[in-house]
Amino acid sequence: MTVCAVIPVYNHGDAVRQVLAGVRRHGLFCVLVDDGSDAACAAALDALAAADPDGVHLLRLASNQGKGGAVMAGLREAARLGHRQALQIDADGQHDTDDIPRFLALAEQYPQRVICGCPVYDASVPAGRLYGRYATHVWVWINTLSLEIRDSMCGYRVYPLAPVLALLDTVRLGRRMDFDIEILVRLVWRGLRIVSLPTRVRYPEYGVSHFRVLRDNVLISRLHAGLFAGMLLRAPLLLWRRLRR
């Protein structure tokens, strides 16, 4: 397959087993990225990779790079291994692996577009996280002069690797929770199209979240401000593209 899965992992030793099993059930080769996990999680990842050497490749980072840093390392590794597209999925069990065939079908239909998950939440979603997302949605729509990105924070998506790596080689992106937002905005600035796919998202009762409310909200707020300045410079081009479509 031209598509592989990239799973960033930071101390999700228990949850990642089920996520990996769900991904492998659909035949996807997996790049597990150990983002400086503790010894217990590292041992669990070693065991998972050893148990399925033909289907799982373990990339170990020497220190914690943040979610964005881990995803970027995984995308580069996926390209090095010969894949042309990569499915990003979180290791904490929030994403429904039964939706993978739907992502793959759209990725085959639109190989040069980003297939981006648009969450359909159940009652487990924390209210604060849900409401906070709407502020980001509005800023993303402003900063792209478009409604094409329906949800910029969902880490369940398929990337075309060639244009993504071209972006990573020329722009320094946020390395933590700001990454998912920034990469989509900057890809849209470069002319890539986004296909949104509704997908079920749940917050497991005993799930481990690495979202730090103060730190990550400050990072995201600073990101929106910087992107707004970038949008002003690109506004004529963005508006011209909209008129052409």
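Structure: above.
Residues numbered from 1 in each chain as written. Predicted model: local features only at pLDDT ≥ 70, side-chain atom pairs only at ≥ 80, totals over all residues. Heavy atoms only, no water.

Novice: How would you explain the packing of helix α6 (residues 161–168) against helix α7 (residues 179–189) if you had to name every residue and give the values?
Specialist: The interhelical angle for the contact between α6 and α7, taken along N-to-C directions, is 105 degrees, at an axis separation of 11 Å. Viewed along their axes, α6 and α7 adopt a mutual orientation that is roughly perpendicular. Between α6, through Pro163, Val164 and Leu167, and α7, the contact on the second element is made entirely by Ile183, Arg186 and Leu187. Taken together, the residues of the contact of α6 with α7 break down into five nonpolar, no polar and one charged. (Axes fitted to C-alpha atoms, helices over the stretch in contact; angles between N-to-C directions. Helix = DSSP H or I, 4+ residues; strand = E, 2+ residues; numbered from the N terminus. Parallel < 35°, antiparallel > 145°, perpendicular 65-115°, else oblique. Contact = heavy atoms within 4.5 Å. Nonpolar A, V, L, I, M, F, W, Y, C, P; charged D, E, K, R; others polar.)

Novice: Requested: an account of the environment of Lys67, with residues and values cited.
Specialist: Relative to the assigned elements, Lys67 resides in helix α3 (residues 66–80). Linking Lys67 and Asn11, residues 56 residues apart in sequence, is a C-alpha distance of 12 Å. Beyond its immediate stretch of four places on either side in the chain, Lys67 contacts Asp35, Gln88, Asp90, Gly155, Arg175, Arg176, Met177 and Asp180. In this structure the side chain of Lys67 is engaged in a polar contact, spanning 2.7 Å, whose partner is the side chain of Asp180. (Polar contact = N/O pair within 3.5 Å; in protein donor to acceptor, adjacent residues only side chain to side chain.)

Novice: Which residues make up the packing of aromatic side chains, and what values go with them?
Specialist: Geometry of an aromatic ring pair is reported as the spacing of the ring centres plus the angle between the planes. Taken as a whole and judged by the stated rule, the model has three aromatic pairs. Ring geometry for Trp139 versus Phe228: centroids 5.9 Å apart, planes at 80 degrees, classification edge-to-face. Note that Trp139 is positioned in helix α5 (residues 127–144) and Phe228 in helix α8 (residues 213–244), a separation of 89 residues in sequence. Among the residues examined, Phe228 registers a relative accessible area of 31% and is labelled partly exposed. (Phe/Tyr/Trp six-rings, centres within 6.5 Å; stacked < 30°, edge-to-face > 60°. Buried < 20%, exposed > 50% of the residue type's maximum accessible area, 1.4 Å probe, protein only.)

Novice: Can you explain empty space enclosed by the protein? Please cite residues and give values.
Specialist: Tallied over the full model, the rule gives one cavity of 30 Å³ or more. In this structure, the largest cavity spans a volume of roughly 60 Å³. Taken together, Thr144, Ser146, Val188, Leu238, Arg241, Arg242 and Arg245 make up the full set of residues lining the largest cavity. The dominant element in the lining of the largest cavity, judged by the number of residues it contributes, is α8, at three residues. Classifying every residue of the lining of the largest cavity gives two nonpolar, two polar and three charged. (1 Å grid on protein atoms, 1.4 Å probe; cavity = no way out; pocket = protein on both sides within 12 Å on 5 of 7 lines; lining within 4 Å. Points joined across faces, edges and corners; volume = space filled by probe spheres on them.)

Novice: Summarise the pattern of salt bridges; cite the residues concerned and give the values.
Specialist: Going through the model one piece at a time under the given rule, you end up with 15 salt bridges. Note that Arg80 is salt-bridged to Glu77, the shortest N-O span being 2.8 Å. Of this pair, Arg80 and Glu77 are both found in helix α3, three residues apart, which corresponds to roughly one turn of the helix. Three or more residues joined by partner-sharing salt bridges are found here, namely Lys67, Asp90, Arg157 and Asp180. (Salt bridge = Lys/Arg side-chain N within 4 Å of Asp/Glu carboxyl O.)

Novice: Give a detailed account of the side chain of Ser37, specifying residues and quantitative values.
Specialist: Looking at where Ser37 falls in the secondary structure, it is placed in the loop between β2 (30–35) and α2 (39–51). By relative accessible area, Ser37 is classed as buried at 13%. At a separation of 3.3 Å, a polar atom in the side chain of Ser37 contacts the main-chain carbonyl oxygen of Val9. Those residues in contact with Ser37 that sit more than four places away from it in its chain are Val9, Tyr10, Asn11 and Ala42.

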